[in-house]
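Below are the chains, spelled out letter by letter.
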Amino acid sequence: MSNVFVSQHPLVAHKLSVLRDVNTNPQKFRELVRELGALLTYEATLDLALRPIEVQTPMTKTGGKHLADTVGLVPILRAGLGMVEGVWELMPSSQVWHIGLYRDEDTLKPVEYYNKLPLDPTVSICLILDPMLATGGSAVATIDILKRWGARKIKFVGLIGAPEGIALVQQHHPDVPIHLAAIDDHLNENGYIVPGLGDAGDRQFGTA
Ligand code: PRP
Ligand code: URA
């Protein structure tokens with residue numbers, strides 16, 4: 001699969017296995033989502049643009065680099081919220097633009113309920129944050145919204161993807177790289193990822 005990047009980092013594999021465990025409580029679950037969000041974003045931002053700067057060290061002047069890209073984090077409510085804090089620790093000046101979508105339980109289609117994007121894009125790269133890429137409907141809808149907004153560079157950063165969801169994103173938006181901790185086996189009849197981790201929103205917010 002081109003443009004799909006699955007982390008090979010042992011820390012990611014370890015933390016994801018604890019996250020999947022049905023006995024992991026919401027507090028630990030939130031901690032792991034935050035940490036995995038940071039680790040995966042670290043890998044997804046390998047190609048951020050830099051600009052040269054001059055730094056005065058205690059010893060001398062030397063050349064350095066600052067980020068030239070401006071980064072927008074786009075968590076898909078609710079479950080994507082838990083990934084923001086970890087990414088913010090890496091890139092504290094990132095802007096955060098929330099998109100609210102929920103899956104209709106019968107049709108599994110995304111329903112938009114919140115969008116506060118300003119009129120014009122304010123960042124040079126958008127990172128969509130959502131732990132679960134299941135049917136792919138929510139990811140495709142979010143990318144549609146961001147492209148209509150005028151976003152030129154978009155990446156999806158998630159924790160677990162189903163083959164069905166990855167295929168849908170690639171069919172509609174082959175230009176958007178997908179960064180994941182794992183690709184799972186399949187979706188069940190209710191659109192849940194198997195083996196997965198259950199409902200990522202409910203497990204974070206204690207609403208199961
Ligand atoms: C979950 C998840 C994704 C979506 C993935 O959200 O966080 O946004 O499902 O499913 P899809 O790929 O089939 O669209 P959910 O709709 O459960 O809302 P929540 O985060 O508010 O719990
Ligand atoms: N949303 C979730 O939270 N989990 C799934 O397995 C699928 C969609």
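Described in the following lines is the structure provided in the data block. (Residues numbered from 1 in each chain as written. Chains lettered and ligands numbered in written order. Predicted model: local features only at pLDDT ≥ 70, side-chain atom pairs only at ≥ 80, totals over all residues. Heavy atoms only, no water.)

1. Some thoughts on the overall build of the protein
Here comes step 1: In terms of regular secondary structure, the protein is built from six helices and 15 strands.
Here comes step 2: Expected size for 208 residues packed as a compact globule is a radius of gyration near 17 Å; at 17 Å, the protein falls within 12% of this value.
Here comes step 3: Referenced to the eigenvectors of the C-alpha coordinate spread, the extents of the protein come out at roughly 65 × 40 × 30 Å.
Here comes step 4: With 208 residues in all, the protein has 47% of them scored as buried.
Here comes step 5: Contacts spanning at least 24 positions in sequence make up 64% of the contacts within the protein whose residues lie at least 6 apart.
Here comes step 6: Element-wise, carbon and sulfur atoms account for 54% of the exposed surface of the protein, whose accessible area totals about 10800 Å².
Here comes step 7: The positive charge centre, built from 18 side chains, and the negative charge centre, built from 23, are 7 Å apart in the protein. (Helix = DSSP H or I, 4+ residues; strand = E, 2+ residues; numbered from the N terminus. Rg over C-alpha atoms; globule rule 2.2 N^0.38 Å. Buried < 20%, exposed > 50% of the residue type's maximum accessible area, 1.4 Å probe, protein only. Contact = heavy atoms within 4.5 Å. Areas by Shrake-Rupley, 256 points an atom, 1.4 Å probe, with all protein chains shown as cover. Lys, Arg positive; Asp, Glu negative; His and termini not counted. Charge placed at Lys NZ, Arg CZ, Asp CG, Glu CD.)

2. Examining the site of ligand 2
Here comes step 1: Neighbouring ligand 2 are the residues Arg103, Met132, Ala134, Gly191, Tyr192, Ile193, Gly198, Asp199 and Ala200.
Here comes step 2: Separating an oxygen atom of ligand 2 from a backbone N or O atom of Ile193 is a distance of 2.8 Å.
Here comes step 3: Note that an oxygen atom of ligand 2 is positioned 2.8 Å from one of the backbone N or O atoms of Ala200.
Here comes step 4: Relative to its unbound accessible area of 240 Å², ligand 2 is 90% covered by the protein chains.
Here comes step 5: A molecule is said to occupy a pocket when more than half its atoms come within 2 Å of that pocket's grid points, and by this definition ligand 2 occupies the largest pocket.
Here comes step 6: In the shell around ligand 2, the residues fall into five nonpolar, two polar and two charged. (Near = heavy atom within 4 Å. Polar contact = N/O pair within 3.5 Å; in protein donor to acceptor, adjacent residues only side chain to side chain. 1 Å grid on protein atoms, 1.4 Å probe; cavity = no way out; pocket = protein on both sides within 12 Å on 5 of 7 lines; lining within 4 Å. Sits in = over half its atoms within 2 Å of the grid points. Nonpolar A, V, L, I, M, F, W, Y, C, P; charged D, E, K, R; others polar.)

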